[in-house]
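# Chains, contacts and geometry: an overview
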Amino acid sequence: MENRQINFFKSKDLNTINKPLKKGSLVEIESFDIREKQKKLNVGLFGWYAICPSKELKKNKLHYFSLYDEPLIIYRDKNENVRCIKNICPHRGASFFGGTLSNGVITCPYHGAEFSSGGSCQNLDRITCSHIVDNNYDNYAKRIHLSQYKALEKDEYIFVYFSNKSDTDLKNIIEDSPISNYELSNNGFSYQDYVSEEVFVDFKCDWSRIIENHLDILHLFWVHGDTIPDKDVNKNVLVSFNQKINVTNEYIESIYFYKNEPKKEFIRIRFMPPGRILIYKGDPSISRYLQVLDHIPLGNNKARVIVRHYRKFLKNKLLNNLILFKENQRKIFYKIFDEDYIILKTQTYNNNLGLINKDEIKLLGEDRIINYFWKWYKKSEDKDKPWKNINKTENLSVYDKFILKYPPEIKRLEVINNIEIIRKTFTRFVGPLLILMLII
Ligand code: FES
Ligand SMILES: [Fe+2]
């Protein structure tokens, strides 16, 4: 059992289900590749990224973020449609930090240029100072325009189509992959039947390492065994699985079946490039719980993860509030992220120094989906070259203050959440009890 290199395609009865853990072993997985011939992922690193939940984007609010170190903004225009623009004023290149958004009109804080919902400048007389020197408005009006990416709302998320070129005219942007691929209803899942909550975390590490982590079933038992409230995810119990890998044009998927109940799914992990992972707890058609994880490559060693979990149990709002379900669930998620963080940071460090090279990495059979992921990632990086704006200089972190919205040190998020738990417990239980005692 010490040496667990597993042969693909070979069936062997490991006969180890639920036996006490032997040193050095956790999970036994046999892999079966059911890839259809010629099918391979046809989406690279350019494509639709879920940036935030719809409800986060309020009227007259500029939401700052970045993709591959390119500073961007999303907001609602005067018709409440979502827009994604470069956070660079086309007049003299200032950012819009400190500017305003009112009724879909963005005003630059540097010289007061106002940009309409469509992106054109609507107060040229002001910025050209034409009343002083310049009278060539018309010519200038054609040139000054916000540069945009396509953005839309789907399944209560804001999506942005990122590629190598923004444009002043959205009609010039051709999508390689349709948004319908990401629709939850097209992934065997009708989200209206569930209740959902979100957790956000910003990491100071490479975003692809986080995706790798979320594709990795093995570490669940070892790293998160004491935190995940599932009796089968336990580092003291050995569970055996059969694994099936599906490869389609839109996703790669790994399904784990219990070995002692071959038709029963333990977990299904679906990676939809460029940044989404769906985790189904059991068969999607009957799953009571599903997680949607969106990974956002903010920049060099800066990444955001949005986890939205959908559940069919505990749907009663009042009961949820009473037992502080959301806050307690967050607590678990922060702990899980914290357990991963040092691993992700050290992997990033090792990789950036060129210390993780192919020859030194020995993947196991269980790591098959990870192998697919890295092959796709490297190929897509070579083809799309999304890191062309990469900020290699750590001290050029002028945007961090605005872009890293959720503190990268997870401990701080945990403290904020714990304070919230104490505050709510007090206002809901202790406070009223004290008042009652005083009255009596
Ligand atoms: S840089 Fe924005 S108005 Fe001048
Ligand atoms: Fe993890």
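Residues numbered from 1 in each chain as written. Chains lettered and ligands numbered in written order. Predicted model: local features only at pLDDT ≥ 70, side-chain atom pairs only at ≥ 80, totals over all residues. Heavy atoms only, no water.

So, about the sheet that holds strand S7 (residues 105-107). Backbone hydrogen bonds are what pair the strands of a sheet, in a parallel or an antiparallel way. Spatial ordering of the open sheet is given by S6-S7-S8, a layout of 3 strands whose pairing is antiparallel. Taken across any chain shown, the strands that pair with only one partner, and hence form the sheet edges, are strand S6 (100-102) and strand S8 (114-115). In this structure, S6 lies alongside S7, joined through 3 bridges in antiparallel fashion. Bridge pairing in S7 links Ser102 to Val105. (Pairing = 2+ DSSP bridges. Helix = DSSP H or I, 4+ residues; strand = E, 2+ residues; numbered from the N terminus.)

Attention now moves to the packing of helix H3 (residues 207-215) against helix H6 (residues 325-352). Contact pair H3 / H6: the axes reach a minimum separation of 10 Å and the direction vectors enclose 130 degrees. With respect to H6, the element H3 is oriented oblique. Helix-helix and strand crossings are classified by hand; for H3 and H6 the assignment is right-handed. Counting all contacts with H3, which are made through Arg209, Ile210, Glu212, Asn213 and His214, the residues of H6 involved are Phe337, Asp340, Leu344, Gln347, Thr348 and Asn351. Partitioning the contact of H3 with H6 into residue classes produces 3 nonpolar, 5 polar and 3 charged. (Axes fitted to C-alpha atoms, helices over the stretch in contact; angles between N-to-C directions. Parallel < 35°, antiparallel > 145°, perpendicular 65-115°, else oblique. Left-handed = near helix turned anticlockwise from the far one by under 90°. Contact = heavy atoms within 4.5 Å. Nonpolar A, V, L, I, M, F, W, Y, C, P; charged D, E, K, R; others polar.)

We now examine the pattern of salt bridges. Per the stated rule, a full pass over the model turns up 27 salt bridges. A salt bridge links Lys335 to Glu339, with the shortest nitrogen-to-oxygen separation between them at 3.3 Å. Of this pair, Lys335 and Glu339 both sit in helix H6, separated by 4 residues, roughly a single helical turn. In this structure, a network of salt bridges that share partners links the residues Glu253, Glu265, Arg268 and Arg270. (Salt bridge = Lys/Arg side-chain N within 4 Å of Asp/Glu carboxyl O.)

The subject of this paragraph is the confidence of the model for the protein. As a general rule, the predicted coordinates of low-pLDDT regions are not to be interpreted in detail. Looking at the protein as a whole, its pLDDT mean stands at 85, while 86% of the residues score no less than 70. Confidence over residues 1-25 falls short of pLDDT 50; this stretch has 49 contacts with residues more than four positions distant or in other chains. (pLDDT = per-residue confidence, 0-100.)

When you tally the buried positions in strand S15 (residues 276-280), you get 5 out of 5 residues, the bulk of the element. Here S15 shows no split at all, with Arg276, Leu278 and Tyr280 on one side and Ile277 and Ile279 on the other all buried. Two strands pair when backbone bridges link them, and strand S14 (residues 265-272) and S15 are joined in this way by 5 bridges, in the antiparallel orientation. The residue of S15 that forms the bridge with Arg270 is Leu278. The turn linking S14 back onto S15 is made up of 3 residues. Direction of pairing for S15 relative to strand S16 (residues 289-299): antiparallel, over a ladder of 5 bridges. Bridging from a neighbouring strand, Leu278 pairs with Val292 of S16. (Buried < 20%, exposed > 50% of the residue type's maximum accessible area, 1.4 Å probe, protein only.)

Attention shifts here to the side chain of Asp230. Tracing the backbone shows Asp230 in the loop between helix H4 (218-223) and strand S12 (239-247). At 2.9 Å, the side chain of Asp230 and the backbone nitrogen of Asp232 are in polar contact. Setting aside its immediate chain neighbours within four residues, Asp230 contacts Phe266 and Lys281. (Polar contact = N/O pair within 3.5 Å; in protein donor to acceptor, adjacent residues only side chain to side chain.)

Taken as a whole, the largest pocket encloses approximately 990 Å³ of empty space. What lines the largest pocket is a set of 37 residues, among which Ile228, Asp230, Lys281, Tyr289 and Gln291 lie closest to the centre. If you list the elements that add at least two residues to the lining of the largest pocket, you get H3, H4, S14, S16 and H6. Among the residues forming the lining of the largest pocket, the class breakdown is 19 nonpolar, 9 polar and 9 charged. (1 Å grid on protein atoms, 1.4 Å probe; cavity = no way out; pocket = protein on both sides within 12 Å on 5 of 7 lines; lining within 4 Å. Points joined across faces, edges and corners; volume = space filled by probe spheres on them.)

Taken together, Asn213 (OD1), His219 (NE2), His224 (NE2), Asp340 (OD) and Asp340 (OD) make up the protein donors of the iron ion (ligand 2), found 2.1 to 2.5 Å from the metal. Counting gaps between the donor residues of the iron ion (ligand 2) yields the pattern N-x5-H-x4-H-x115-D. Residue His224 is found in the loop between H4 and S12, and its partner Asp340 is found in helix H6; the two are separated by 116 residues along the sequence. Residues His224 and Asp340 agree in their burial class; the two are buried. (Donors = N, O, S within 2.8 Å, 3.2 Å for Na, K, Ca; no water.)

Now for the nonpolar core. Formed by 71 residues in total, the largest nonpolar core has its most connected members in Leu67, Ile74 and Phe203. When residues in this core are grouped by element, the largest group, 7 residues, is from helix H7 (residues 368-384). Shared between two domains, this core takes at least three residues from each, and those domains are domain 1 (27-44 + 194-424) and domain 2 (47-175). Sequence-distant contacts of Leu67, defined by excluding residues within four places in its chain, comprise Tyr49, Ile51, Leu72, Val160, Phe162, Ile296, Pro297 and Leu298. (Core = buried A, V, L, I, M, F, W, Y, C linked by side-chain atoms within 4.5 Å. Domains from an automatic or database assignment.)

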